[in-house]
Amino acid sequence: MALKKTIDVQAAVAIAAAEAIAARTQGTFGVGGLMLDQHGNILQSLHNNVVKDGLIFDPTAHGERQLIDWYYAERASGRDLPPPQDITIVTSLDPCCMCSGAILAGGFNVVVAAPDQASGINHDNSASFGALPQALRAQAGGSFSYPAILGSSLYARAASGAAPKSFFIGKTIAEATQALCSLVFEATSAEVMDMFNADHPRELLKDPATLPPGHAIVRALKQQYPDALAYRCTPQQPDAGLAPFLLQAMARDREHGGAGTRRRCSIPSATCCCACRGGWRSRASAAPSWKPRAPTRSCATS
């Protein structure tokens, strides 16, 4: 990140576009963004991280959500940052419903470059935010900004939504920059979505308990929870044989500062790989959550 400050919408979007290109190089969705304070100081810039090293890393690692996570982590560590209403997130692509929910819940402002007609919160370019509950539409209208794109091509548009914050002197986006944001995402979307849709049919999936001890999946499960796959009860019917494993997990949870409480396992019994097989488990006994296939970008992209 070469720039430390920007008071121009075009310059800010150019940084988001550069992050999107970096995401494309990484092999994930080509979406990038940055976070500015009320003076235009760049607090952080980053890109989508759904895919890393050729593998699905985190379907929720969208740029906007990561920026918001970073903001609250910095606040929690003691850093003096402005309140969300004084923060502007600049993103190369219209946020999905997940990220829009996080933005609205926190009270952040947004400047959006390229549209996403499939999964963007402003998918119809009307800035009416019909995908949101009625109670949130006015808030979105007052915080989501879609600056004008100057030009005569299909990428040109009139300004809509909220006006960019007052510290921005330049409040428009160059046609070429907006086109770049759109094209980088379009160049990556289908390829990455194919990774989510590459699962075998359910009938061909193997039971992890039948895999050999040296299998990578078994080793990974055992690393997270040494007792994984050690005991099996009837799915959805935990019995007394499970109690020693739960008690051990609860004790470990307390050792690490947890409450040692238990909760219902959220993993379906057909795919659960921890000792409970869909029954009760403590917070510490949970095996890594299995990520479902993402049917749309709203679950898996920006």
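Residues numbered from 1 in each chain as written. Predicted model: local features only at pLDDT ≥ 70, side-chain atom pairs only at ≥ 80, totals over all residues. Heavy atoms only, no water.

Engineer: Whenever I open this one, the overall build of the chain confuses me. Can you help?
Structural biologist: Per the secondary structure count, the chain includes eight helices and twelve strands. Scored against the burial criterion, the 302 residues of the chain give a buried share of 45%. Partitioning the intrachain contacts of the chain with sequence separation of at least 6 by distance along the chain shows that 58% fall at a separation of at least 24. Carbon together with sulfur atoms contributes 57% to the accessible area of the chain, which is approximately 14500 Å² in total. (Helix = DSSP H or I, 4+ residues; strand = E, 2+ residues; numbered from the N terminus. Buried < 20%, exposed > 50% of the residue type's maximum accessible area, 1.4 Å probe, protein only. Contact = heavy atoms within 4.5 Å. Areas by Shrake-Rupley, 256 points an atom, 1.4 Å probe, with all protein chains shown as cover.)

Engineer: Please explain the side chain of Asp58 as it appears in this structure.
Structural biologist: Mapped onto the fold, Asp58 is located in the loop between strand S4 (55-56) and helix H2 (63-76). Asp58 gets classed as buried once you look at its relative accessible area, which sits at 17%. A polar contact is formed between the side chain of Asp58 and the side chain of Thr60, at a distance of 2.7 Å. (Polar contact = N/O pair within 3.5 Å; in protein donor to acceptor, adjacent residues only side chain to side chain.)

Engineer: I keep staring at the sheet that holds strand S2 (residues 42-47) and nothing clicks. Help me out?
Structural biologist: Within a sheet, neighbouring strands are paired by backbone hydrogen bonds and run either parallel or antiparallel to one another. Spatial strand order, S2-S1-S5-S6-S7-S9: six strands in an open sheet with mixed pairing. Every other strand in the sheet has two partners, leaving S2 and strand S9 (160-161) as the edge strands with one partner each. Sitting on the sheet, H2 is in contact with strand S1 (32-36), S2 and strand S5 (88-93), with an inclination near 140° to S2. (Pairing = 2+ DSSP bridges. Axes fitted to C-alpha atoms, helices over the stretch in contact; angles between N-to-C directions.)

Engineer: Help me understand the pairing of S1, please; the structure alone is not making it clear to me.
Structural biologist: Within a regular strand, the side chains alternate between the two sheet faces. Of all five residues in S1, five are buried, a share of seventy percent or more. Examined bridge by bridge, S1 and S2 share five bridges and lie antiparallel to one another. Paired with Gly32 across the two strands is His47, which belongs to S2. Adjacent in sequence and paired antiparallel, S1 and S2 are bridged by five residues, among which Gly40 carries a positive phi angle near 90°. In this sheet, S5 lies alongside S1 in antiparallel orientation, the contact comprising four bridges.

Engineer: Honestly, the confidence of the model for the chain in this entry has me stumped. Any pointers?
Structural biologist: A low pLDDT means the predicted coordinates there should not be read in detail. Per-residue confidence for the chain gives a mean pLDDT of 85; residues scoring 70 or more make up 85%. Taken as a whole, residues 264-301 scores under 50 in pLDDT and shows 120 contacts with residues more than four places along the chain or in a different chain. (pLDDT = per-residue confidence, 0-100.)

Engineer: When you look at the pairing of S5 in this model, what are you seeing that I'm missing?
Structural biologist: Among the six residues in S5, six count as buried, and that is most of the element. Across five bridges, the pairing between S5 and strand S6 (residues 109-114) is parallel. Within S6, the residue paired with Thr88 across the bridge is Asn109. A crossover links S5 with its parallel partner S6, the connecting element being helix H3 (residues 97-106), and its sense is right-handed. (Right-handed = clockwise from strand over helix to strand, strands pointing away.)

Engineer: Teacher, can you tell me more about the pattern of salt bridges here?
Structural biologist: When the charged atoms of two side chains with opposite charge come close together, those side chains can pair. For the coordinates displayed, the defined rule picks out five salt bridges. Residue Asp69 is joined to Arg65 by a salt bridge in which the shortest nitrogen-to-oxygen separation is 2.9 Å. Residue Asp69 and its partner Arg65 are both found in helix H2; the two are separated by four residues, about one turn of the helix. Accessibility expressed as a relative area gives 39% for Asp69, which makes it partly exposed. The partner of Arg232 in a salt bridge is Asp207, and the shortest N-O contact between them spans 2.6 Å. Taken together, the positions of Arg232 in the loop between helix H6 (216-224) and helix H7 (243-255) and Asp207 in the loop between helix H5 (175-196) and H6 put the pair 25 residues apart, joining distant regions of the chain. In this structure Arg232 comes out as partly exposed when scored by relative accessible area, which is 43%. (Salt bridge = Lys/Arg side-chain N within 4 Å of Asp/Glu carboxyl O.)

Engineer: Would you explain the nonpolar core in this entry?
Structural biologist: Counting 27 residues, the largest nonpolar core has Val13, Phe29, Leu34, Leu36, Val90 and Phe168 as its most contacted members. Of all the elements in the fold, those that place two or more residues in this core are helix H1 (9-26), S1, S5, S6 and H5. Counting residues per element, this core draws most heavily on H1, at six residues. Setting aside residues up to four positions removed in sequence, Leu36 forms contacts with Thr6, Ala12, Asn41, Ile42, Leu43, Asp86, Ile87, Thr88, Val90, Phe167 and Phe168. Judged by nonpolar contacts, the second largest core, of 22 residues, contains Leu67, Ile89, Ile103 and Leu104. (Core = buried A, V, L, I, M, F, W, Y, C linked by side-chain atoms within 4.5 Å.)

Engineer: Whenever I open this one, the side chain of Thr6 confuses me. Can you help?
Structural biologist: Here Thr6 lies in the segment before H1. Accessibility expressed as a relative area gives 4% for Thr6, which makes it buried. Of the polar contacts made by the side chain of Thr6, one reaches the backbone oxygen of Asp8; its length is 3.2 Å. Here Thr6 is in contact with Ala11, Ala12, Leu36, Gly40, Ile42 and Phe167, once residues within four sequence places are set aside.

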